[in-house]
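A look at the structure
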Amino acid sequence: MSGNGTRMRRNLTVLDLTALGVAAIVGAGIFSTIGNAAASGGPAVSLLFVFTAFACGLSAMCYAEFASSIPISGSAYTYAYASFGELVAWIIGWDLIMEYAIGNIAVAISWSGYFTGLLDGLGIHIPGYLTTDYLTAFRGYSFVNKALLHGDSIKSFSFELQNAYHTWISAPMIGQFRIIADIPALAIVALITWICYVGIRESKVANNVMVLLKVGILLLVIFVGAFYVNPANWHPFAPEGIRGVLKGVSGVFFAYIGFDAISTTAEECKDPRRDIPKSMFLALIITTVLYVAVSLVLTGMVHSAELGVADPLAFAFERLNLHHLSGVIALSAVIAMASVMLVYQLGQPRIWMSMSRDGLLPKIFGKIHPKYRTPAFSTIVTGILVAVPALFMNLTEVTDLTSIGTLFAFVLVSGGILVLNPLGKRASNEKGFKVPYLNSRFYILPCWLLVILIFTIAIFGNHQKSGVSDLFTEFLNSEYLIPYTFFFLISLVISLYSILLSWSLIPVLGLLTNLYLMCELGITNWMRFGFWLVIGLALYFTYGSRKSRLNNPVIED
C-alpha cells in the first residue's frame, strides 16, 4: 500500500510472471550481443549461456527465498534493506537505476535500429536525421570529414559512418543547430511508458502477446536453421580457449539481467510467496534452452569468426541466401526489444516506490494512482529519463556497465541470505521457498578443486605452443589484475568463513560466481561503476540519510 492508502491490483499469475521473465531475458542478447560473443568464443558460447544461467540460478534461489519471506515490491533493494540496512539498500537501489533505466536506453536505441530496418525492407524510408541520434551523426561526420580532407574516398568507409556523414549534412537547421534526433526511440519509450502507466493488467496482456509471438518466431528460426547447419563449423569448438569464451561474458550476461524484474511486481501477484519462485526458475530454464539452441544453430550455419556483427541472426540467413526469413527476424527483434523495455519500465518505478516508502526518496515517488493503481509519478519520471537520452545520445556501450550493476545486485542478494539465514533453517510453521541447505564445510573445497582442475586443463591445453609463462606475463600487465586479486582475497575469506561456520553452500556459490563474473568485466568498468556509486552516495548523505524513516521514525505518510 502507498502512502495515499491505495493498494496495487493483484492480477499476476505464474504464467504472467514467467512471461515477464522470458520477455526481459529474450531480447538484445539473442539478436545482437550473441554475435560478438560467438565471434570470440566460437560454438562454445553455448556453454557460456549454461554457465551464466547456472550463476543466475544460484541467485534466483536466493531471490526466491527473499520473495517468499518478504513479498513486497522492490526486488534487490528491499532484500538488501532487510539484511544489510539502509546504506547498503540505498547503494543497491542506486545501482538498479543503472540496470533498468540506463539499460533501457540502450534497448530503445537498438529497437529503433531494427524498426527502421524493418520499415526499409517494406519500402518505407524515414529520413536519417529522424532515426539517428545526434552524437552518432556528429561523431561520424567529424571522423569522415577529417579523412576526406586527407584525400580518402567516402566509399572507403563503413555503411554506418557513411550514413552518419550523410545524416549530418542533410539535416535541417535552426540557426546553427542541426535537427537530428532518434524519433522512433522516443516513440517506443512513450508507448511503453503509457502502457505501464495505465495498469498492470494492460501491461501483462501486452507482454504475454509479445512473448508468444517472439518465442514462436525464434522456434521457427531454430527449426529452419537446423536444416542448414554444417557440423564442420563447430570445429574447433572453442577456437580461442576458455579466455575467448569468457570474453563474451558481459554480452551473454546482458541477456539475463532482467530476470530479477519478476520480484519487483510482488505486490501485484496473486500469491507472491508461491508464484515468484516458480516463475523465476521457469523463465531461466525456458530462456536458457532457447539461447543454447539458437547459439548452436547460428554457429553451425555460419563460421563463428564471421558473426561479429550487430545483427548476427539476420546476417546468418542472408549469408545462406535465405532472404525470405530476414523480414521475419527483423519483426521478431522489434517485438523482443519492445517486451524487454516493457519489463524494465515496470521494474524501475516499483523500486523507486519502495525507496520512497523508506524515506530515501520524496513521498511523491511512492504515490499510487487512484484509478490505475500504478506508481504513476515514478512511471512518468522513468519514461522521461529513458526517452530524452535515447532521443539524442548514443549509449549502446553501456552493456558492460549495466551487467556489472546487475551482478553487484546478485552478489548482495546472495550475501543477504548468508546474513539472515546462513544455516538454511526453517521454522516448523514456515511456508514458502527456502534455499536447500548443503553444508559448505563438506562441499566448498571439492568445488574449488573442480574449478582449479577445469581452468588448469583449459589454460595448459590452449597455451602449449606460446608457453604458459607468456600467459601469466600478459595477465600481470592486463586490466584484469586488480579485479582478480580482489576476487581471490574475497573468495578466500568467504570460503574460510563458510567452512568454519557451516554456511549454506548455494548462496556462497552464488556470491562467488557472480563476483567472478564481475571481475571478467575488467578494471575500466569497475572504475565507471565506482564513479556511479560515488554520485549515489553523495545523494544519500545530502538527502536520503536526513529524510529516511530510520532517522525520522515519528514521520507518518
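Read on for a plain summary of the structure. (Residues numbered from 1 in each chain as written. Predicted model: local features only at pLDDT ≥ 70, side-chain atom pairs only at ≥ 80, totals over all residues. Heavy atoms only, no water.)

Topic: the overall build of the protein
To be explicit about the condition: Helix and strand assignments come from DSSP, with helices taken as H or I runs of at least 4 residues and strands as E runs of at least 2, each series counted from the N terminus. Throughout this description, buried means an accessible area under 20% of the type-specific maximum (1.4 Å probe, protein chains only), exposed means over 50%, and partly exposed covers the range between. Residues are treated as being in contact if the distance between any of their heavy atoms lies within 4.5 Å. Methods summary: accessible areas were calculated by the Shrake-Rupley approach with a probe of 1.4 Å, and residue burial reflects only the protein chains presented.
Counting secondary structure elements, the protein contains 21 helices and two strands. Counting the 557 residues in the protein, one finds 56% classified as buried. Taking contacts inside the protein between residues at least 6 apart in sequence as the whole, the part at least 24 apart equals 84%. Only carbon and sulfur atoms are counted for the fraction: they give 70% of the accessible area of the protein, which is about 23,600 Å².

Here's the deal with the side chain of Ser59
With respect to the helices, strands and loops of the structure, Ser59 is situated in helix α3 (residues 45-69). Overall, the relative accessible area of 0% leaves Ser59 in the buried class. Those residues in contact with Ser59, other than ones at most four positions away along the chain, are Phe410, Ser414 and Asn514.

Regarding the pattern of salt bridges
Selection rule: Any carboxyl oxygen of Asp or Glu that lies within 4 Å of a side-chain nitrogen of Lys or Arg is treated as forming a salt bridge with it.
The full count for this structure, using the stated rule, is four salt bridges. In this structure, Arg274 and Asp271 form a salt bridge, with 3.8 Å as the shortest nitrogen-oxygen distance. Residue classification places Arg274 among the partly exposed residues on the basis of a relative accessible area of 44%. Accessibility expressed as a relative area gives 29% for Asp271, which makes it partly exposed.

Focus on unusual backbone geometry
With omega at -5°, the peptide bond leading from His235 into Pro236 counts as cis. Here Pro236 is to be found in the loop between α9 (200-226) and α10 (241-247). For Arg373, which is not glycine, the phi dihedral falls at a positive 60°. You can see Arg373 is positioned in the loop between α14 (326-357) and α15 (376-392). By relative accessible area, Arg373 is classed as partly exposed at 28%. Even without glycine at this site, Ser502 takes up a positive phi of about 55°. Structurally, Ser502 is set in the loop between α19 (481-501) and α20 (505-519). Accessibility expressed as a relative area gives 11% for Ser502, which makes it buried.

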